[in-house]
Protein chains: 2
Amino acid sequence: MAGDEKVRKILVAVDEGEESLYALRWCLKNVISSKNTILVLLYAKPPRAVQTALDGTGYLFSSDILSTMEKYGSDVADRVMDKAKRICRDHHMINEVEGRVECGDPRDVICDMVEKLGVDVLVMGSHGYGWFKRAFLGSVSNYCAQNVKCPVLIVKKPKSNC
Amino acid sequence: MAGDEKVRKILVAVDEGEESLYALRWCLKNVISSKNTILVLLYAKPPRAVQTALDGTGYLFSSDILSTMEKYGSDVADRVMDKAKRICRDHHMINEVEGRVECGDPRDVICDMVEKLGVDVLVMGSHGYGWFKRAFLGSVSNYCAQNVKCPVLIVKKPKSNC
């Protein structure tokens, strides 16, 4: 970003897929050219209701299994956030990185956060949101591009690197 | 753009709507921070077959009317391109601006040109393509975001400025 001294808030939606981290790297390399940038990393953790629906057999999970799944979800969130923050650490232009993990449908989580924080640019991969996307069908990036008010940068991971 | 010396090719899809010119201005102000940038302005002119379909009465147009419409289409293309180039002229970072007018469905025209020119970033408004969009339904920006290989920046014009 260039052209003025205003602090820019860029939100990058990260998930467990490689594409969202590719989008983050691309953004760091190509978009951020001013120290006046606050980078927000956002991970949307699936809500418990969605985890129970995963079974698909009609059986309810025991509370033990539910808390194991809850723990697994939190571990994934931590791992994704750690990896994303490590990627940012190498970028000399970034002064401020803020990591956020929110629970819910990624479409709502992302759109709500963009509005709540007054984000200037939303950056995301095009396929993202792994099994969550497959569970819900439809593209998270398309939904967000249509529903947030700020500019949206959709970064696709080149196939040769997949 | 920042971080390396490679020449970056940015394609901005322009049309007769104000939103695409807003996207162009936003891109000039926020994205381009290096003189190593080639900016391509692309206008997709509706093909003749689409113009005849506009009538909707089943009557065929006479060749006089067709050439008048053809002329009108070219005038619109010229006006849009002039306006877009004037906007670029005020930007000190831009050394090279290339204007292109191509005939066809904007979705195909944009996606083909991105591939043909090896574009690094595609920039477009989110609603764009005026009556052409209404004739075809569906969002041009969604289609392009799904089908081009390069990163896509979709810029929405804030409602307060509409």
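As named in an unreviewed UniProt entry, chain A is Universal stress protein A-like protein, taken from Melia azedarach.

Draft legend 1. Just the interface of chain A and chain B, in detail. Counting residues at the interface gives 25 residues for chain A and 25 residues for chain B. Roughly 2000 Å² of surface becomes buried between chain A and chain B when both sides are summed, with 47% attributable to carbon and sulfur atoms. For the chain A face of the interface with chain B, the top three residues by lost area are Asn30, Pro151 and Lys156 of chain A, together amounting to 25%. Counting the contacts that link chain A with chain B gives zero salt bridges. For the side of chain A that touches chain B, the elements supplying multiple residues, two or more each, are helix H1 (18-30), helix H6 (140-147) and strand S5 (152-155) of chain A. Across the side of chain A that touches chain B, the residue classes tally to 13 nonpolar, six polar and six charged. As judged from the three bridges shared by S5 of chain A and strand S5 (residues 152-155) of chain B, these two strands associate in the antiparallel manner. Of the residues in S5 of chain B, the one forming a bridge with Ile154 of chain A is Val152 of chain B.

Draft legend 2. Looking closely at the packing of H1 of chain A against helix H3 (residues 63-89) of chain A. Residue and element names in this part refer to chain A. Across the interface, H1 lies against H3 with an axial gap of 10 Å and an inter-helix angle of 20°. Between H1 and H3, the crossing angle belongs to the class labelled roughly parallel. The hand of the H1/H3 crossing is right-handed. Residues Glu18, Leu21, Leu24, Arg25 and Leu28 of H1 lie in contact with H3, whose contacting residues are Lys83, Ala84, Ile87 and Cys88. Here the residues of the contact of H1 with H3 sort into six nonpolar, no polar and three charged.

Criteria and cut-off values
Residues numbered from 1 in each chain as written. Chains lettered and ligands numbered in written order. Predicted model: local features only at pLDDT ≥ 70, side-chain atom pairs only at ≥ 80, totals over all residues. Heavy atoms only, no water. Contact = heavy atoms within 4.5 Å. Buried area = accessible area lost by both parts, 1.4 Å probe. Salt bridge = Lys/Arg side-chain N within 4 Å of Asp/Glu carboxyl O. Helix = DSSP H or I, 4+ residues; strand = E, 2+ residues; numbered from the N terminus. Nonpolar A, V, L, I, M, F, W, Y, C, P; charged D, E, K, R; others polar. Pairing = 2+ DSSP bridges. Axes fitted to C-alpha atoms, helices over the stretch in contact; angles between N-to-C directions. Parallel < 35°, antiparallel > 145°, perpendicular 65-115°, else oblique. Left-handed = near helix turned anticlockwise from the far one by under 90°.

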